[in-house]
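Listed here are the chains, written in short residue letters.
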Amino acid sequence: MNPVRPTRRGVLTGAAVVGAAGLGAGASALAGRGAAAAPGGTRTVPFHGARQAGITTPAQDSLVFAALDVTTSRAGELADVLQRWSEAAATMATGAPVGGPGGLGGAADEPPLDTGEAHELPPANLTVTLGYGPSLFDGRFGLAGRRPAALEELPALPGEQLDPTRCGGDLCLQACADDPQVAFHAVRNLVRIGRGVVAVRWVQLGFGRTATISAGQPTPRNLMGFKDGTANLRAEDTAGLGRHVWVGGEGAPAADQEWMRGGTYLVARRIRMLVEAWDRAPLGEQERVIGRAKVSGAPLTGTSEFDPPDLARTSATGEPVIDVAAHVRLAAPETNGGARILRRGYSYTDGLDLTTGQLDAGLFFICFGNDPASQFVAIQRRLGARDGLTEYLKHTGSAIFACPPGTAEGESWGQGLFT
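As the structure is a prediction and not an experimental result, all values here were calculated from the model.

Considerations on the pairing of strand 11 (residues 393–403)
For strand 11, a buried count of ten out of eleven residues is recorded, marking the element as mostly surrounded by other parts of the structure. Bridge count for strand 7 (residues 264–273) against strand 11 is ten bridges, and the pairing is antiparallel. The residue bridging M273 from the neighbouring strand is L393, located in strand 11.

Considerations on the packing of aromatic side chains
Any aromatic ring pair is given by two values, namely how distant the centres are and how the planes are angled relative to each other. Here the structure, examined in full by the defined rule, presents ten aromatic pairs. Aromatic side chains W202 and F364 sit 6.1 Å apart centroid to centroid with 70 degrees between the ring planes, which places their arrangement in the edge-to-face category. Of the two residues, W202 sits in strand 6 (residues 198–209) while F364 sits in strand 10 (residues 358–369), which places them 162 residues apart along the sequence. For F364, a relative accessible area of 1% puts it in the buried group. Aromatic rings pair up to connect F65, W202, F364 and F401 into one cluster. Positioned above the aromatic ring of W246, the side-chain terminus of R51 is 4.3 Å from the ring centre.

Quick word on helix 3 (residues 180–193)
The terminal C-alpha atoms of helix 3 lie 20 Å apart, and with 14 residues this matches the ideal 20 Å at 1.5 Å per residue to within 8%. Of all 14 residues in helix 3, 13 are buried; the element is thus mostly enclosed. You can read the cap of helix 3 off the contacts: a side-chain oxygen lies 2.8 Å from the backbone nitrogen of Q181, and it is on D179.

Description of the side chain of H395
With respect to the element layout, H395 can be found in strand 11. Under the relative-accessibility criterion, H395 is labelled buried at 7%. Only 3.2 Å separates the side chain of H395 from the side chain of R269, close enough to count as a polar contact. Apart from residues no more than four positions distant in its own chain, H395 is found in contact with G159, E160, Q161, L162, R269, R270, I271 and Q380.

A closer look at the pattern of salt bridges
If you walk through the whole model with that rule in mind, you get 18 salt bridges. The partner of R140 in a salt bridge is D170, with the nearest N and O atoms 3.0 Å apart. Residue R140 is found in the loop between strand 4 (127–132) and strand 5 (171–177), and its partner D170 is found in the loop between strand 4 and strand 5; the two are separated by 30 residues along the sequence. Judged by its relative accessible area of 33%, R140 falls in the partly exposed class. Its salt-bridge partner being D360, residue R270 comes within 2.9 Å of it at the nearest N-O pair.

Section: the nonpolar core
Taken as a class, soluble globular proteins show a tendency for nonpolar side chains to be buried jointly. Residues W85, V128, Y132, L136, L171 and W413 are the most contacted members of the largest nonpolar core, which totals 73 residues. Here this core takes nine residues from helix 2 (residues 75–93), the largest share from any one element. Beyond its immediate sequence surroundings of up to four residues, V128 is in contact with F47, Q52, A53, A89, L173, Q174, A175, A186, L190 and W413. If you look at the next biggest cluster of nonpolar residues, it comprises 26 residues, including A211, A268, F364 and F401.

Concerning the confidence of the model for the protein chain
Residue-level pLDDT values for the protein chain average 91, and 90% of them are 70 or greater. Note on residues 1–32: pLDDT under 50 across the span, and 67 contacts to partners over four residues away in sequence or across chains.

Some details on the side chain of S214
Here S214 shows up in the loop between strand 6 and helix 4 (238–244). At 2.9 Å, the side chain of S214 forms a polar contact with the side chain of E236.

Quick notes on the rules
Residues numbered from 1 in each chain as written. Predicted model: local features only at pLDDT ≥ 70, side-chain atom pairs only at ≥ 80, totals over all residues. Heavy atoms only, no water. Buried < 20%, exposed > 50% of the residue type's maximum accessible area, 1.4 Å probe, protein only. Helix = DSSP H or I, 4+ residues; strand = E, 2+ residues; numbered from the N terminus. Pairing = 2+ DSSP bridges. Phe/Tyr/Trp six-rings, centres within 6.5 Å; stacked < 30°, edge-to-face > 60°. Lys NZ or Arg CZ within 6 Å of the ring centre and 35° of its normal. Expected span 1.5 Å × (residues − 1). Polar contact = N/O pair within 3.5 Å; in protein donor to acceptor, adjacent residues only side chain to side chain. Contact = heavy atoms within 4.5 Å. Salt bridge = Lys/Arg side-chain N within 4 Å of Asp/Glu carboxyl O. Core = buried A, V, L, I, M, F, W, Y, C linked by side-chain atoms within 4.5 Å. pLDDT = per-residue confidence, 0-100.

Quick look at the structure:
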């Protein structure tokens, strides 16, 4: 991993700088996880808890998402790295360097335990979330019998133009923080700890959250200029999370692997927005495609953002007010048998597509659910086949991971899987 420091003058600039360098590129109450004050008035998110941080944690401003391949054939070496990662992630979440207070020093002829670029920066609500890809259960580590049935590679979906170098992975690390350098520092140090056992497969940097996780957060806008995630599940909706997000939750599918009880499945999609074409579309066309007013975020059948869309309303000519191909209609739970997902995406920009001279920018979509086949896959099949928005999108990356539940003090990632 290239040790280039992303600028802290702006998340957008930071993402561009790190991407060019070759990396592939909270104050609210948390559901089941309290936020604690750190020195200097900043906030921290505890690493330990019943759930992993970074799922229902109020969405931070910046993302570094890394997919990794395991290069060893020894299960013990992988389990050791997961334990060392847990210790390091818990330490960094407090704002301390890897290795604790002495992590920046040491012998002059040895590398320091911590790379140092987050020294004197606040913790910035850092969270690090781990996931296991389907390929981890291919038999190399004796885990084939422990793969959850729901952890299947995503099937081919309509409209995909996937780049194999941006897909898959044995493991994933999702680092989110309110400072891009803090998130970068976390992934950089974990990759460094795992060197010789894991190798980076691909990395995506994100800025400008495109989802609201907590009721206290305002709805953000995506790169198309529309409010994004108005109807998202909220951390405060514990019943909804139990039914739609947590494995083995009340009203949810049963857990077929006990180590995944209380965990969830993460789907990541790199969705390029063809912003040049979108910017030429008239306002009326943009609003028809989305099904909402651009300025207010209100559905075309309402007057304010949180008015429920009236999918049955017709115009004086008998046409649906919300178009039959509108994104709001096709993504609505009412259209998908009640299926819902918890979204946690970010905008991204990776400079120019040198083959077209156009911006390579869009949405790094992340969602969590307890049954990917009936949730994400079913919804995306409908969207890919009928959504008017697909004219302006290109899906270029894809991956799925199983995120185990959280850890208690003294426990580590991988403990439930390898014991």
